[in-house]
Every structure is written in C-alpha cells, then in structure tokens.
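The lines below spell out each chain.
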Amino acid sequence: MDAIEVDDLHKVYGAVHAVDGVSFRVRTGEVFALLGPNGAGKTTAVEILEGHRRRTAGRVSVLGCDPERGGRDLRERIGIVLQSAGFDEDFSVRELVRLYRGFYPRRLAVDDVIELVGLGDKRDARVKTLSGGQRRRLDLALGLVGDPELLFLDEPTTGFDPSARRRAWDMVEMLRGLGKTVLLTTHYMDEAQHLADRVGVMVAGRMVAVGSPAEIGGMARQASVVTFRLPAGADPASLPDLGGPMVTEGLERQVRTAEPTLTLHRLTGWAVERGLELPVLTVTHPSLEDVYLDLVTPTGVSS
Ligand code: ATP
C-alpha cells in the first residue's frame, strides 16, 4: 500500500473545476513534490488529502484511510506544516511545542524536537521575537512533535534566505532519513530537483507529468548543450562534425545536441589527436525548470 493513493480526483467550486481528474501515488518513505503555477489546484488537492476539504468525486486514500472519514485516528498520524500557522505570540518556543505535543498520543520529546529543527538556543524565546525563518522552523517543530508518519509541507522555504533554505533542505533530508513520507508543494524547481524522489506537475487542475526529476528532465524537448573553448592557435576549420549546430558566444562555442556523448567523443578525440587541452569543456542537460516551463506554457500542455 502506498502512503497516498489518489484516483480520478475532482473538485468543483461553482464554475471552476479546480481539480480535474487527478491520479497519483506517493510511496511510503518518499519525498514527493507537487509543482504547478498559481491556481493549478495544488492547495485544493493537498487540503483534500489533509481532510480539510471535501472532494467532488474520486477515490483518495491517506495511510490507508479516507481522509473524509479518517477522523482523529488519521489526524494523529499526519503532520501539517502550513505557510503561516497563526499562534499565540506570547508563548515561548518550548511552551508552544509542549502545548501541541499534548494533542498527540505518539509523540517526540519537546527538547528533542526543538533541537531537531535547530531552535535549541531559542527554546525560551517568545514567539513574537523570532525571525521569519525561525518561525518556519517552529512551524516544522509543531508538525513533527506528534511523530507523524506522513508530513505535508506547504511551500517550506518561501521567503527564506539562501542559507536558511539550505538548512530547511537538510531538515527535509533528515525527515527522509527518519523514514517519514513527505508531500511538499513548492514553486522552486531547484528545491524539487534537490529534495524530491518524485515530482508531480499540475496545470489547470490536471497532473501533466509525474516522475523523478531525472525522468521528467528526460522529457525535455530541448537538446543538451556542450560548451567548449578552443585552445589558442587551434584552427576551428579542422573541427569534425560535432553532431549538432555550433554557435560562437564570445570565446566559447556551443553545440546543441541530442547525443552529447557522441559530441564529446568527437570533440575530445579531435583535441587528443592534436595534443591539445580544451580550456573549457562542460555539458548541460535541460533542467527540471526547462521542462516545467515547457509543460506549463500553453503550447506545452498535453491533456
Ligand atoms: P497557488 O500556487 O497560487 O497556491 P494552487 O495551485 O494551490 O495555487 P488552488 O488554491 O488549489 O491553486 O486553486 C485552484 C483554483 O480553484 C483556482 O482557480 C482558485 O481560484 C480556485 N479556488 C480555490 N479555492 C476556492 C474556493 N474556496 N472557492 C472557489 N474557488 C476556489
């Protein structure tokens, strides 16, 4: 059984078909990222999984339960970390974590959770004195204190500075290490690429792609790009056919190719034969972001 199973899910708000026949699975122990432009239906789908919204049609199973009927038993097994949970600003970090801990039967020690999210030196600080990034850590601590099997993270690094983002990524890696299943939403492709075992891309209420970041990268319509620089004195006219069109950008030459291995083989063979060292040589493959942009722009939507 997968941690989350969704089959042909629909949610209609009046004239808006916010979720229009979505199916996907989240395997136990994996980090799954849901991507999609504003209004794609991500929040609606996730809130249905969390049991906060009723679906119009379809089958949904979360840890083996229907979230509409799972009730308290299911709520105790999942953790939800929202973008901005409102809580009493006069509590200290430790008081608030202790309060939330009281809601759960299976739970972690207050100080352990505070350490886990890196707020050890703030345990006695009032919530109102925390920075934005520290509040998000507190959000995570509150989501973790019930020792959930499955954690929902809503845009976990929105508004973070680069180092706070790295630390948040480390925390998600740590959750994976603890065997938790994580479903997160994000607008950052690098985040999905770095963290997610698999991603699902939603566009206009539909799931247009599901797979590992590498699999989705492999759906690219763009070619890979081999970039190199000729050594001083080398004659460009002696270059072999590199298997794709070559353009010159300043001192660098770029070859677009669907077969970067072949291009590299010919190029490096040419250089080695002449005893030359190429001062610059890189291969870039289309990123998840390139493919994402293909998928979410109207010509790229395949329904
Ligand atoms: P974002 O990235 O901006 O958070 P999202 O992918 O989470 O977007 P949703 O919030 O699920 O998108 O919204 C999907 C669609 O459903 C949008 O067109 C939105 O306007 C509509 N919608 C969401 N909630 C309601 C509601 N309570 N009543 C009516 N329409 C709604």
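Conventions and cut-offs
In this convention, every chain numbers its residues from 1, walking through the sequence in written order. Per-residue local features are limited, in this predicted model, to residues with pLDDT of at least 70; the limit for side-chain atom pairs, both in listing and counting, is 80 or more; totals at the level of whole chains, interfaces and linings are taken over all residues. With hydrogens and water stripped out, all remaining heavy atoms of the structure feed into the side-chain values. Here a salt bridge means any side-chain nitrogen of Lys or Arg lying within 4 Å of a carboxyl oxygen belonging to Asp or Glu. To qualify as a helix, a DSSP run of H or I must reach at least 4 residues; to qualify as a strand, a run of E must reach at least 2; elements of each kind are numbered from the N terminus. Throughout this description, buried means an accessible area under 20% of the type-specific maximum (1.4 Å probe, protein chains only), exposed means over 50%, and partly exposed covers the range between. Between any two strands, pairing holds if DSSP finds at least two bridges. Any residue with a heavy atom lying within 4 Å of a molecule or strand is counted as near it. Between N or O atoms, a polar contact is any pair within 3.5 Å; within protein, one atom must be a potential hydrogen donor and the other a potential acceptor, and residues adjacent in sequence are included only when both atoms are from side chains. Note that accessible areas follow from Shrake-Rupley with a 1.4 Å probe, and for residues the cover is restricted to the protein chains shown. Polarity classes work like this: nonpolar for Ala, Val, Leu, Ile, Met, Phe, Trp, Tyr, Cys and Pro, charged for Asp, Glu, Lys and Arg, and polar for all others, with Gly in that last group.

Comments concerning the pattern of salt bridges
Within the structure shown, the criterion is met by 29 salt bridges. Note that arginine 123 and aspartate 111 form a salt bridge whose closest N and O atoms lie 3.5 Å from each other. Residue arginine 123 is located in the loop between helix H4 (110-116) and helix H5 (132-144), and its partner aspartate 111 is located in helix H4; the two are separated by twelve residues in the primary sequence. We classify arginine 123 as buried; its relative accessible area is 18%. Among the residues examined, aspartate 111 registers a relative accessible area of 31% and is labelled partly exposed. Connected through salt bridges with shared partners, the residues Asp2, Glu5, Asp7, Arg25 and Arg59 form a single ionic network.

Quick notes on the pairing of strand S7 (residues 181-185)
In terms of residue burial, S7 counts as a mostly covered element, since five of its five residues are buried. Burial of the side chains of S7 extends over both faces: Thr181, Leu183 and Thr185 are buried on one face and Val182 and Leu184 on the other. In this sheet, S7 lies alongside strand S3 (residues 31-35) in parallel orientation, the contact comprising four bridges. Paired with valine 31 across the strands is valine 182, a residue of S7.

A short note on the site of the ligand
Around the ligand, the structure places 13 residues, and the nearest of them are Asn38, Gly39, Lys42, Thr43 and Thr44. Contact between the ligand and tyrosine 13: a nitrogen atom at 3.5 Å from a side-chain N or O atom of the residue. A distance of 2.8 Å separates an oxygen atom of the ligand from a polar atom in the backbone of glycine 39. For the ligand, the accessible surface in isolation is 640 Å², of which the surrounding protein chains cover 61%. The set of elements that each furnish at least two residues to the shell around the ligand consists of strand S2 (16-26) and helix H1 (42-50). Class assignment for the residues of the shell around the ligand results in five nonpolar, six polar and two charged.

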